[in-house]
Structures are given as structure tokens and as C-alpha cells.
Amino acid sequence: MQIIAMLTMLIDHIGYIFFPGEMGWRIVGRIAFPIYCYMLVQGHIHTSSRPRYLRRLLWIALLTQIPYNLALDPGGWNVVFTLLLSALVLFVLDKLPNPWYGIPVVIFAFVLMDRLPLDYNAYGLLLVLIFRYVRSYWMILAHFLLNSIYLFYYGWTVQMLSILPTLLIAGAPGFWRLLEQKRLPRWIWWSFYPLHLAALALVKILFFREWVTIDWRSLFTI
């Protein structure tokens, strides 16, 4: 499962950087993000220390930021920040004495994440919440409705294909559990995102002479 997530993400980013007109790369890449969201939820549930888990996400996000700006988006925050904020929401929701208190928390986080220049914006938060709180085939329906809303409002046509991992998670749990049993060393899983972006940024700069100026003003504008 981790290998699938990393390979499909790599394919997506190669296509985005070097073959922007060929949608096949991006279609394959839609598999990656739901798996990362699902793994975030599993990490939140099973970690022995949630504060340490959040700190680890923060370090990865910080280490990834400049490679992300140089490789993919000079004026945005990388997707680990999206996952970090989503994990913070889960952390807060678990601390609340009444589930109804979580509604303003989610609304505030949604508005904030939709205004910040985050990769996937509030879509990432909503998908994480689906994997955390929705069960069985309702998970597929919830993910489909989420994608449909973003298709209608933002024209995210290719994002509809991101439901494929959810179909396996909810529709074939035995097969998915079999995939989950095969684990990579933790350092590979945590380091792949910043390292592959750094490598792609170097290829982009050294071989294609495409130097990018980071838009710092955009990063800190809401």
C-alpha cells in the first residue's frame, strides 16, 4: 500500500512537471492522496503519542516546503501541511466532551484551509474526516459526494478517480488488510515525499533550466 501511494504520487508529479499536456500521468496520480489521508487516520488512531506524531508531520512539512515550491508550486504550501492541519482537527475533536462541539471546529478549519494556499485545501480535511468517521459502503458514498461537489464547483474532473482506493478500503477490506501487512521501513515512508520533490526540483533546474522564484508573499496571504 505504501509503495502504491509513493509510486502513484511520483508518477503524478513527473507528469505535472514534465508532461503537463498528458493527463494519463495525472489520472494514475489520483490514487495517491486518498491513501495518504487514510494512512494519516490510521497513524492518528494507532500512534503511541499523538503530540509526537504531530511534531513529526510538522518537521516533514517544513523540510518539504522549499523542494515543493521549486518543483511544483512556487506560491503554495505542500500537502503535508494539509495533512498536519487535518491531524490537528482530529486531535481536537477527540478531546471534546461532546461531539456537537466539533461542528464549529470543523467549520473554522474548513474556512481557514480553503483560504490558505494549501495543496488540496479543505478537500483534504473533508477526506480525512470521511476516513475517520464514516464506515463501510457509506465511506464510498461520502467520498463520491465530496468529489461530485468539487467537480461541480471547481471542475475537478480528474479527481473523481480518487475514489478507487476508497472502493478497495470499504468494498474489499480483506484485500486492503493484506496490503497493509506489507510495511516499508518507517524512514523510507517518512522521507520519500521531501526527497523525491528535491530530486525532481534538481532535474527541473539542472537539465531543463527551469529556475523558480518562490512567491513568499503568496505563502503568507489569506
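Keep in mind it's a predicted model, so treat the numbers as computed, not measured.

This brings us to the packing of helix α7 (residues 121-133) against helix α8 (residues 136-154). As a packed pair, α7 and α8 sit with axes 10 Å apart at the nearest point and diverge in direction by 170 degrees. One element, α7, and the other, α8, form an angle in the roughly antiparallel class. Where α7 crosses over α8, the two elements pack in a sense that is right-handed. Along the contact surface, α7 presents Ala122, Tyr123, Leu126, Leu127, Ile130 and Phe131, while α8 presents Met139, Ala142, His143, Leu146, Asn147 and Tyr150.

Turning to the UniProt feature "transmembrane region" (unreviewed entry) in the protein chain, a few remarks are in order. With numbering matched to this structure, UniProt assigns "transmembrane region" (unreviewed entry) to residues 76-93, 124-146, 153-175 and 187-207. Across residues 187-207, helical content stands at 95% and strand content at 0%; the span's end C-alpha atoms are separated by 29 Å.

Attention now moves to helix α10 (residues 173-180). Taken together, the buried positions of α10 are Trp176, Leu179 and Glu180. Along the axis of α10, the buried residues cluster in a sector spanning 100 degrees; they form a single face.

Bringing helix α1 (residues 2-18) into the picture now. Look at α1: 24 Å from first C-alpha to last across 17 residues, which is about the 24 Å you get at 1.5 Å a residue. Turning to α1, its buried residues number three or more, namely Gln2, Ala5, Met6, Thr8, Met9, Asp12, His13, Gly15, Ile17 and Phe18. Against the buried residues of α1 lie α2 (23-29), α3 (32-46), α4 (50-71) and α11 (186-206).

By the element assignment, His44 lies in helix α3. Exposure remark for His44: the relative accessible area of 3% places this residue in the buried category.

With that out of the way, let us pick up the packing of α8 against helix α9 (residues 163-171). Axis separation between α8 and α9 bottoms out at 8 Å; the angle between their running directions is 165 degrees. For the element pair α8 / α9, the angle class is roughly antiparallel. The chirality of how α8 crosses α9 is right-handed. Of the residues in α9, those in contact with Ser136, Tyr137, Met139, Ile140, His143, Phe144 and Asn147 of α8 are Ile163, Thr166, Leu167, Ile169, Ala170 and Gly171. Class assignment for the residues of the contact of α8 with α9 results in 8 nonpolar, 5 polar and no charged.

With that settled, consider the pattern of salt bridges. Side-chain pairs of opposite charge can arise where the charged atoms are in close proximity. This structure, assessed with the given rule, holds 4 salt bridges. A salt bridge links Asp12 to Arg30; the nearest nitrogen and oxygen atoms lie 2.7 Å apart. Highlighted residues: Asp12 in helix α1 and Arg30 in the loop between α2 and α3, separated in sequence by 18 residues. Across the pair Asp94 and Arg132 runs a salt bridge whose closest N-O atoms are separated by 3.7 Å. Remark: Arg132 occurs in helix α7 and Asp94 occurs in helix α5 (residues 79-95); sequence separation between them is 38 residues. Given the relative accessible area of 31%, Asp94 is considered partly exposed. Judged by relative accessible area, Arg132 falls into the buried class, the value being 15%. The network of salt bridges with common partners includes Asp12, Arg26 and Arg30.

Mapped onto the fold, Phe18 is located in helix α1. For the pair Phe18 and Val80, spaced 62 residues apart in sequence, the C-alpha separation works out to 23 Å.

Here Met23 is to be found in helix α2. C-alpha separation for the pair Met23 and Asp12, spaced 11 residues apart in sequence, amounts to 9.3 Å.

Attention now goes to a nonpolar patch on the surface. Judged by side-chain polarity, Met23, Ile27, Leu161, Leu164 and Leu167 come together as a nonpolar surface patch covering roughly 400 Å² of accessible area. Mapped by element, the contributors of at least two residues to the nonpolar patch are α2 and α9. Position of Leu161 relative to the elements: it lies in the loop between α8 and α9. The partly exposed category is assigned to Leu161, whose relative accessible area is 33%.

Calculation rules
Residues numbered from 1 in each chain as written. Predicted model: local features only at pLDDT ≥ 70, side-chain atom pairs only at ≥ 80, totals over all residues. Heavy atoms only, no water. Axes fitted to C-alpha atoms, helices over the stretch in contact; angles between N-to-C directions. Helix = DSSP H or I, 4+ residues; strand = E, 2+ residues; numbered from the N terminus. Parallel < 35°, antiparallel > 145°, perpendicular 65-115°, else oblique. Left-handed = near helix turned anticlockwise from the far one by under 90°. Contact = heavy atoms within 4.5 Å. UniProt positions renumbered as here; feature names shortened; annotations may be inferred. Buried < 20%, exposed > 50% of the residue type's maximum accessible area, 1.4 Å probe, protein only. Arc of directions from axis to C-beta. Expected span 1.5 Å × (residues − 1). Nonpolar A, V, L, I, M, F, W, Y, C, P; charged D, E, K, R; others polar. Salt bridge = Lys/Arg side-chain N within 4 Å of Asp/Glu carboxyl O. Patch = residues over 30% accessible without salt bridge, like charges linked within 9 Å, V, L, I, M, F, W, Y side chains within 5 Å. Areas by Shrake-Rupley, 256 points an atom, 1.4 Å probe, with all protein chains shown as cover.

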